[in-house]
Amino acid sequence: RSVNIVAFGNERDGLPEDNEQPSLIQSYLGRSALISQVDSSLSTGHVGNPVFTEYQACAFGNVRLVVHDCPVWDIFDSDWYTSRSLIGGADIVVIKYSVNDKALFQELKDSYVPMIKKALNLCSVPVIISAIGARKNGVPCTCPLCTSDRRSCVTTSEGVQLAKELGATYLELHALNDFYIQKYFGGVLEYFMIQSLNQKSSEKMKKRKKTQKCHRVQPPQLEQPEKMPILKGEASHYDADLHNLLCCCQCADVAFYPEDLSTVVEAHKIILCSVSHLFMLLFEVKSPADIRDASIVRTAQSLFAVESEAVFPPVSRGVPACVPPVRVVVKDSAFCSCLPDILHFIYSGAFQWERLEEDVKKKLKDPEKTEHVLEKVKCILKTPGKLNTAKDCRSHQIKRLYNTSLRLFFNTPILADVIFKIQGATVPAHRAVLVARCEVMAAMFNGNYLEANSILVPVYGVSKDTFLSFLEYLYTDSCCPASILQAMSLLICAEMYQVMRLQHICELYIITQLQSMPSRELASTSLSIVSLLKKAKFHNSDCLSTWLLHFIATNYLIFSQKPEFQDLSVEERNFVEMHRWPSSLYLKQLADYRNYIHSQKCHCAVM
């Protein structure tokens, strides 16, 4: 007997002293009198990254307890296949968060709760939401109507609303001590563990009764179908793509100069504005009235000056540009000398703060100047109306920078320098993002092609919705097809532009959707699996086409009755017949068994 528990979320506030404290799961396993023989190991996800800790223990004396603790929500972005598998195999799901981290709670509510709800729709398991910690801007309050701590802390009413949305049990743990862990959290968790064990015992008894009905003559044994090919995902190279954009300086539309115009450093407005409100102000994406932060306005005016083109030396860009780069003079000499390091910091994802500190210290060799430059960088990264600290620069909120910030510029004319014309409509985009994320577009916009100097670029062979989904992936590194057919269209578009990771994501989506389809739905669906197979082969999706052939063979009795089965080639038909399930031999043995049962005037245990 066993119980599987999956825990998602980080209950710590992000302070160094909090990181040394044991987590909720560690504390429960270590303190509960019902748990023994605890063992833990760090495990990897579907794409090979260490994403969760696996605990194995003994509960209630003889029950095997397996707990997967996933503190990083990024698993749903980078490895949704593993996150969905974990939820699918769970008997209990625990979601935990710190009441003092409002930003992470908002990100959980906006980005990850829809994914969790979608995964939970396929399985019925109890969910426990644990709000952990004492609110730091007031006395802890459990009143759902309390509004005294709405500013920086997560209120009880917000937690209760989230629990209602997921149909979950809501708990508030003001401290990870014996009372809250053993009696409060442990009591609820152990109640659900007992419920799960009772349900499994009941199902086991039902199966046992079925097998005891007839023992005279055993029916033929049906072997398990062949294992389906496993399709592995590809790790994201999103941050590396954008960092390489800075190194090669393709499609640069900003040139930074010192006051003596002796050197030049090139960059991209779209990347800078996705990071900073200050750059939005500098490049007139936003006005001072939109920013509403005097410190950002003062820093922009004291640090930079956008000058006319006439006084500058020419910039070597490799390819003739449709629009000349914006020329910006950096007034602060110390900041200007560190600008290449600051840009590398921004283009790398803006989360390696400690490395930036070391690079600036090494270059300036002056503590006062170093502190001065780092304060300017903090102001550049500052959120209007909020006081930035070094802790904010190191936090997880900055880490996944582009796939949330670049989304603001997706399918908008702001800073757009190329317009795609497709099916009579226009779609604005940004060359820098396209060149960084897609090698085909990099060749198109930087080679000897008409598109290199054209603002309007026609697109053929793909629908507008599919192309928008493709561009959304380039901007955000994520996609969520609405159906199998949409995923196949997106796969074809990804193959057209040679974006292999997107192609693999679409393959995984199609496979997951087909695997979760019940036999009755598979028999009645109008979706043509053979048509999907033909498209997968034509567009060089070898892994998907092989999997679909195995899928047809495994569901032979369903597909052999469909008209589309006749569209298989001779080679494909031979493969399906060779790997079909159930096999012809089994069906013959089953027919002989039925004849024998009828001759003995007995009831058939199978039919």
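This one's a predicted model, so the numbers in the text were calculated from it and none came from an experiment. (Residues numbered from 1 in each chain as written. Predicted model: local features only at pLDDT ≥ 70, side-chain atom pairs only at ≥ 80, totals over all residues. Heavy atoms only, no water.)

A. Just the overall build of the protein chain, in detail. A tally of regular secondary structure across the protein chain gives 30 helices and 14 strands. Across the 607 residues that make up the protein chain, the buried fraction comes to 49%. Considering only contacts in the protein chain between residues 6 or more positions apart, those separated by 24 or more positions represent 68%. (Helix = DSSP H or I, 4+ residues; strand = E, 2+ residues; numbered from the N terminus. Buried < 20%, exposed > 50% of the residue type's maximum accessible area, 1.4 Å probe, protein only. Contact = heavy atoms within 4.5 Å.)

B. Looking closely at the nonpolar core. Core analysis: the largest hydrophobic core is formed by 114 residues, its most contacted members being F256, F420, F467 and F470. If we ignore the near neighbours within four places in the chain, the residues touching F467 are F420, I422, M441, V459, V462, C493 and Y497. In terms of nonpolar packing, the next biggest core, distinct from the first, is built from 32 residues, V6, F76, I116 and V127 among them. (Core = buried A, V, L, I, M, F, W, Y, C linked by side-chain atoms within 4.5 Å.)

C. Expanded view of the pairing of strand β13 (residues 425-429). The buried fraction of β13 amounts to four of the five residues, a majority that puts the element mostly inside the structure. Where strand β12 (residues 418-422) and β13 come together, five bridges link them in antiparallel fashion. Its bridge partner lying in β13, I419 is registered against P428. Between the end of β12 and the start of β13, which pair antiparallel, lie two residues, with Q423 showing a positive phi angle near 50°. (Pairing = 2+ DSSP bridges.)

D. Seen up close, the environment of P458. Along the chain, P458 turns up in strand β14 (residues 456-458). For P458 and G424, which are 34 residues apart along the polypeptide, the C-alpha to C-alpha distance reads 9.7 Å.

E. Local environment of the sheet that holds β14. Here we have three strands laid out as an open sheet, ordered β13-β12-β14, and mixed in their pairing. Bordering the open sheet on either side are β13 and β14, each of which pairs with just one other strand. Taking the axes of each pair of neighbouring strands and ignoring which way they run, one obtains an average angle of 30° across the sheet. With three bridges joining them, β12 and β14 adopt parallel strand pairing. Following the sheet pairing, F420 is matched in β14 by V457. The sheet strands contacting helix α22 (residues 464-476) are β12 and β13, and the helix crosses β13 at an angle near 5°. (Axes fitted to C-alpha atoms, helices over the stretch in contact; angles between N-to-C directions.)

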